[in-house]
Amino acid sequence: MIFDAAQAFTLPYPGPPADALAFVRDPARALGRLRFLRDLRADEGGVRGELVVPLPGLGDADLPFHSLLSLTPDGADLIPQALSGERAWVEVSGQARAEGAELHFTFQFRAHLATPDAQGWGGAAFEKMIRAAASRTLDRVARELPGSIRAALPTGPA
């Protein structure tokens, strides 16, 4: 199963343009307040973490991701990397740009879920539940991105 979600938005930056550029190039800082991400880490190897998908009656499923971070003159791009050996994972891609006192973000999420063959009524119901939970979580992540990044911004000019 594959699920997609996307979000594009613009936020004002409350400081100098050089600080705005540094902010969009630091995904650990910019995405650190997103409550559906766990174990977020960024280094020269890229950005890694887990997207947490709550499954009713089963607890949380962790969908790992790995994206390369490519710096651009006005920001940074996240380039998703395929993960092998995982039954479920997510591609996280995005662009972050600083233009003066405005930050422009575009994110795309694509979740890959391998489920066992649906055998009979119970298997089909389980697959439907997994599909709905994953789809809802990706939609929530996309909707919460602007507020989460806004919460990570400094509170005023430096």
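What counts and what doesn't
- Residues numbered from 1 in each chain as written.
- Predicted model: local features only at pLDDT ≥ 70, side-chain atom pairs only at ≥ 80, totals over all residues.
- Heavy atoms only, no water.
- Helix = DSSP H or I, 4+ residues; strand = E, 2+ residues; numbered from the N terminus.
- Buried < 20%, exposed > 50% of the residue type's maximum accessible area, 1.4 Å probe, protein only.
- Areas by Shrake-Rupley, 256 points an atom, 1.4 Å probe, with all protein chains shown as cover.
- Contact = heavy atoms within 4.5 Å.
- Core = buried A, V, L, I, M, F, W, Y, C linked by side-chain atoms within 4.5 Å.
- Arc of directions from axis to C-beta.
- Phe/Tyr/Trp six-rings, centres within 6.5 Å; stacked < 30°, edge-to-face > 60°.
- Salt bridge = Lys/Arg side-chain N within 4 Å of Asp/Glu carboxyl O.

Asks: Honestly, the overall build of the chain in this entry has me stumped. Any pointers?
Replies: Scanning the chain from N- to C-terminus turns up 3 helices and 7 strands. Listing every helix and strand of the chain by position from the N terminus yields β-α-α-β-β-β-β-β-β-α. Counting all 158 residues of the chain, 40% fall into the buried class. Accessible surface computed for the chain: about 8,200 Å², of which carbon and sulfur atoms make up 53%.

Asks: Please explain the side chain of H66 as it appears in this structure.
Replies: Inspection of the secondary structure puts H66 in strand β4 (residues 59–72). Assessed through its relative accessible area of 11%, H66 is described here as buried. The residues contacting H66, other than those within four sequence positions of it, are G45, G46, V47, R48, I79, P80, Q81 and L83.

Asks: What should I look at first to understand the nonpolar core in this one?
Replies: Generally speaking, soluble globular proteins have nonpolar side chains that are buried together. Membership of the largest hydrophobic core comes to 40 residues, with the highest contact counts inside it found for F23, V90, L103, F105, F107 and I149. Taken together, the elements giving at least two residues each to this core come down to β1 (2–12), α1 (17–24), α2 (27–31), β3 (46–55), β4, β6 (88–99), β7 (102–113) and α3 (120–152). The element best represented in this core is α3, accounting for 9 residues. Here I149 is in contact with F9, L11, F23, A30, L31, F105 and F107, once residues within four sequence places are set aside.

Asks: For this particular structure, what's the right way to read α1?
Replies: Since the α-helix turns once every 3.6 residues, residues separated by three or four places project in the same direction. Among the residues making up α1, those that are buried are A20, F23 and V24. Projection of α1 onto a plane perpendicular to its axis shows the buried side chains occupying an angular sector of 90 degrees, all on one side.

Asks: Please clarify how the packing of aromatic side chains should be interpreted in this entry.
Replies: The geometry of an aromatic ring pair is captured by the separation of the ring centres together with the interplanar angle, meaning the angle of the planes. Considering all chains together, one arrives at 5 aromatic pairs under this definition. For the pair F107 and F109, a centre-to-centre distance of 6.4 Å together with 15 degrees between the ring planes defines the contact as stacked. In this structure, F107 and F109 share a single accessibility class: buried. Ring pairing ties together the aromatic residues F9, F105, F107 and F109, which thus form one cluster.

Asks: Before we go on, may I ask you to explain the pattern of salt bridges in this structure?
Replies: Opposite charge on two side chains permits them to pair, given that their charged atoms come into close proximity. Taken as a whole and judged by the stated rule, the model has 6 salt bridges. Residue R35 is joined to E144 by a salt bridge in which the shortest nitrogen-to-oxygen separation is 2.9 Å. Taken together, the residues R35 in the loop between α2 and β2 (37–43) and E144 in helix α3 connect sequence positions 109 residues apart. The residue D62 makes a salt bridge to R38 at a minimum N-O spacing of 2.8 Å. With D62 in strand β4 and R38 in strand β2, the pair connects residues that are 24 residues apart, well separated along the chain. Each of the salt bridges in this network shares a partner with another, and the network as a whole consists of D74, D77 and R97.

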